[in-house]
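Commentary on secondary and tertiary structure
In case you want the letters, here they are:
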Amino acid sequence: MSSVMQNPEFGAQLEAYVLAHSDEEGALLAALSRDANVNLLRPRMLSGHLQGRILKMFCRMLRPQRVLEIGTYTGYATLCMAEGLDEGARIDTIEINDEMEDFMMKYIRQSPHRDKIRVHFGDALAIVPTLDETFDMVFIDADKRYYTDYFDMVFPRVRQGGLILADNTLWDGHVLENHPHDKQTLGILEFNERIKQDPRIEKVILPLRDGLTMMWKK
Ligand SMILES: C[S@@+](CC[C@H](N)C(=O)[O-])C[C@H]1O[C@@H](n2cnc3c(N)ncnc32)[C@H](O)[C@@H]1O
């Protein structure tokens, strides 16, 4: 058993150390986070400092020209990925809840990377088929009940060698429950089993935060 599991406080200290020795998130994202924590009901849904830097790093390493995000929420992860994109590259992000528009646009407008971002409001399952794009990288982070549907929908739209990421695939540890009954947990379990069996992709779950699955299209 790791020291983190024996002592959760140790885990928190280690995370603080990791953040202190990684790039800062910057003033705009820190302000967004504070605003979300004060004014939104579920601020924990946003990616946050560590995962945000990792998403940016994926963009730096892979240099995708076209990125798709399913589930924008505050735009935190969108802004992080946009930071890592080359000039001329673009991220399409889809959010079903148009009540988030004022919040996210307040920050997107202030970002020097705003021109790389295209926000769509509506159900991703309806919008993605209307986007005439092939994506190099996709970040799935919306309704856990429909992860398999999102995956099936985006798969043919991802180029060979492209990367698909799916967030929250450990679902706060609920994946280990003996008799799960809530629909989100069942959705994640179904997704994880399907992904494991899918020979068209190489896959690994990063035990980062709430679980981030990386899938590379062969
Ligand atoms: C976990 S949050 C996204 C967080 C964001 N990706 C980040 O990392 O900062 C999930 C978002 O997905 C949105 N959502 C849920 N179902 C959706 C759908 N079918 N299409 C688009 N967005 C959806 C929710 O309204 C919510 O804002």
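Up top is the structure these notes are about.
Everything in this summary refers to the structure shown in the same document. By convention here, each chain's residues receive numbers from 1 onward along its written sequence. Side-chain atom pairs in this predicted model are given and counted only at pLDDT of 80 or more, local residue features only at pLDDT of at least 70, and totals for whole chains, interfaces and linings cover all residues.

1. Some remarks on the overall build of the chain
The cut-off we apply is this: The numbering of helices and of strands both runs from the N terminus, where a helix is a DSSP run of H or I of at least 4 residues and a strand a run of E of at least 2. Within these notes, the globule rule equals 2.2 Å times the number of residues to the 0.38 power, and the radius of gyration is based on C-alpha atoms. Neighbour density around each residue's C-beta defines its exposure: 20 or more other C-beta atoms within 10 Å make it buried, 12 or fewer make it exposed, and counts between make it partly exposed, where C-beta atoms are placed from the backbone. Note on contacts: residues are paired as contacts if their backbone-placed C-beta atoms lie within 7 Å.
The helix and strand tally for the chain stands at nine helices and seven strands. Its C-alpha radius of gyration of 17 Å places the chain within 12% of the 17 Å reference for a compact globule of 218 residues. If one aligns the C-alpha atoms of the chain with their principal axes, the spans along those axes are about 45 × 40 × 35 Å. For the chain, the proportion of its 218 residues judged to be buried stands at 35%. Restricting the contact set of the chain to residue pairs at least 6 apart, pairs at least 24 apart contribute 68%.

2. Here's the deal with the nonpolar core
Basically, it comes down to this: Nonpolar cores are identified as sets of buried Ala, Val, Leu, Ile, Met, Phe, Trp, Tyr and Cys residues joined via C-beta atoms within 7 Å.
Residues M81, V138, I140, I164 and L165 are the most contacted members of the largest nonpolar core, which totals 46 residues. Here the element with the most residues in this core is helix 5 (residues 76-84); it accounts for six residues. Beyond its immediate stretch of four places on either side in the chain, I164 contacts V138, I140, V154, V158, M215 and K217.

3. What about helix 5?
Of all nine residues in helix 5, nine are buried; the element is thus mostly enclosed. Taken residue by residue, helix 5 has Y76, A77, T78, L79, C80, M81, A82, E83 and G84 as its buried positions.

4. Re the environment of I70
Structurally, I70 can be placed in strand 1 (residues 66-70). Overall, the presence of 28 C-beta atoms within 10 Å leaves I70 in the buried class. Residues contacting I70, with those up to four places away along its chain left out, are I94, A124, I140, D141, A142 and Y150.

5. Looking at the sheet that holds strand 5 (residues 158-167)
Rules: Note on pairing: DSSP must find at least two bridges between two strands before they are called paired. Lines fitted to C-alpha atoms define the axes here, with helix axes fitted over just the stretch in contact, and angles between the N-to-C directions of these axes take values from 0 to 180 degrees.
The sheet built from seven strands is open, its strands ordered 3-2-1-4-5-7-6 with mixed pairing. Across the chains shown, the open sheet's two edge strands, defined by having one partner strand only, are strand 3 (117-121) and strand 6 (201-206). On average, adjacent strands in this sheet sit at an angle of 15° to one another, irrespective of strand direction. Note that strand 1 and strand 2 (residues 90-95) share five bridges and pair parallel. Residue E69 lies in a different strand from strand 2, and its bridge partner there is T93. Its contacts with the sheet put helix 4 (residues 48-62) on strand 4 (135-140), strand 5 and strand 7 (212-217), and the angle it makes with strand 4 is roughly 170°.

That's the geometry; what it means functionally is another story.
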